Amino acid sequence: MTAVMTTPRIELEPAVTRTVRRVAPRPVARCGHRPPAAIYWRRRAVAVAVGLAVLVMAGKAGAALGGSPLAVPERRPAAASQSVVRPGDSLWSIAARLEPGHDPRPVVDALAATRGGAPLVPGEVVTLSR
């Protein structure tokens, strides 16, 4: 034996009926129809203003993140000049070789302070950091 269950069908009417209001269609722009000159130039001005604003914001964001190639260049360590000591060299001859055409006194002072009074040995590499 099989049990069969049936459900009664109840027809319900909607409680609220909708009324559809028809609206007249808007005129569509035809091919070749151009807006008035004032609207054309206003749109162009707004587009340029938005473009400039985006460009300025991107520049500021790039500068804030440090990724902009226009940012201040990073500081690099001072370059060092090197010279090999030859037989008969003095601090004065090495200073003249490291910075030719300049006053050798500051270079001699810097080399003497760096070396701490140690004697020069031929073949030794003397480094002047700037």
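Preceding block: the structure.
On a predicted model such as this, the values are computed, not experimentally measured, just so you know.

Asks: I keep staring at the pattern of salt bridges and nothing clicks. Help me out?
Replies: If charged atoms from side chains of opposite charge come close, those side chains can pair. Inspection of the entire model under this criterion finds 3 salt bridges. A salt bridge links Arg115 to Glu124; the shortest N-O distance between them is 2.8 Å.

Asks: Explanation requested: the nonpolar core in the structure shown.
Replies: Counting residues in hydrophobic clusters, the biggest one holds 9 residues: Val85, Ile94, Ala95, Leu98, Val107, Val108, Leu111, Val126 and Leu128. Those elements giving two or more residues to this core turn out to be helix H2 (91-98), helix H3 (105-115) and strand E2 (125-129). Beyond its immediate chain neighbours, meaning those up to four positions away, Val85 contacts Ile94, Leu120, Val121, Pro122, Gly123, Glu124 and Val126.

Asks: Teacher, can you tell me more about a nonpolar patch on the surface here?
Replies: Nonpolar side chains collect at one region of the surface, where Val46, Val50 and Val54 lie side by side and expose about 260 Å² of accessible area between them. Mapped onto the fold, Val46 is located in helix H1 (residues 37-65).

Parameters at a glance
- Every chain begins its residue count from 1, and numbering advances along the sequence as written.
- Owing to the predicted nature of the model, reporting of local features is limited to residues with pLDDT of at least 70; listing and counting of side-chain atom pairs is limited to 80 or more, with chain, interface and lining totals taken over all residues.
- Calculated side-chain values reflect all of the structure's heavy atoms, with hydrogen atoms and water omitted.
- Definition used for salt bridges: Asp or Glu carboxyl oxygen within 4 Å of a side-chain nitrogen of Lys or Arg.
- Throughout this description, the term nonpolar core refers to a set of buried Ala, Val, Leu, Ile, Met, Phe, Trp, Tyr and Cys residues connected via side-chain atoms within 4.5 Å.
- Burial classes follow relative accessibility: with a 1.4 Å probe on protein chains only, a residue under 20% of its type's maximum area counts as buried, one over 50% as exposed, and anything between as partly exposed.
- Note on conventions: DSSP H or I runs of at least 4 residues are helices, E runs of at least 2 residues are strands, and numbering of each starts at the N terminus.
- Should any heavy atoms of two residues lie within 4.5 Å, those residues are considered in contact.
- Residues form patches when they are more than 30% accessible in relative terms and have no salt bridge. Like charges link within 9 Å. Nonpolar side chains (Val, Leu, Ile, Met, Phe, Trp, Tyr) link within 5 Å.
- Throughout, the Shrake-Rupley method with a 1.4 Å probe supplies accessible areas, and for residues the shown protein chains are the sole cover considered.

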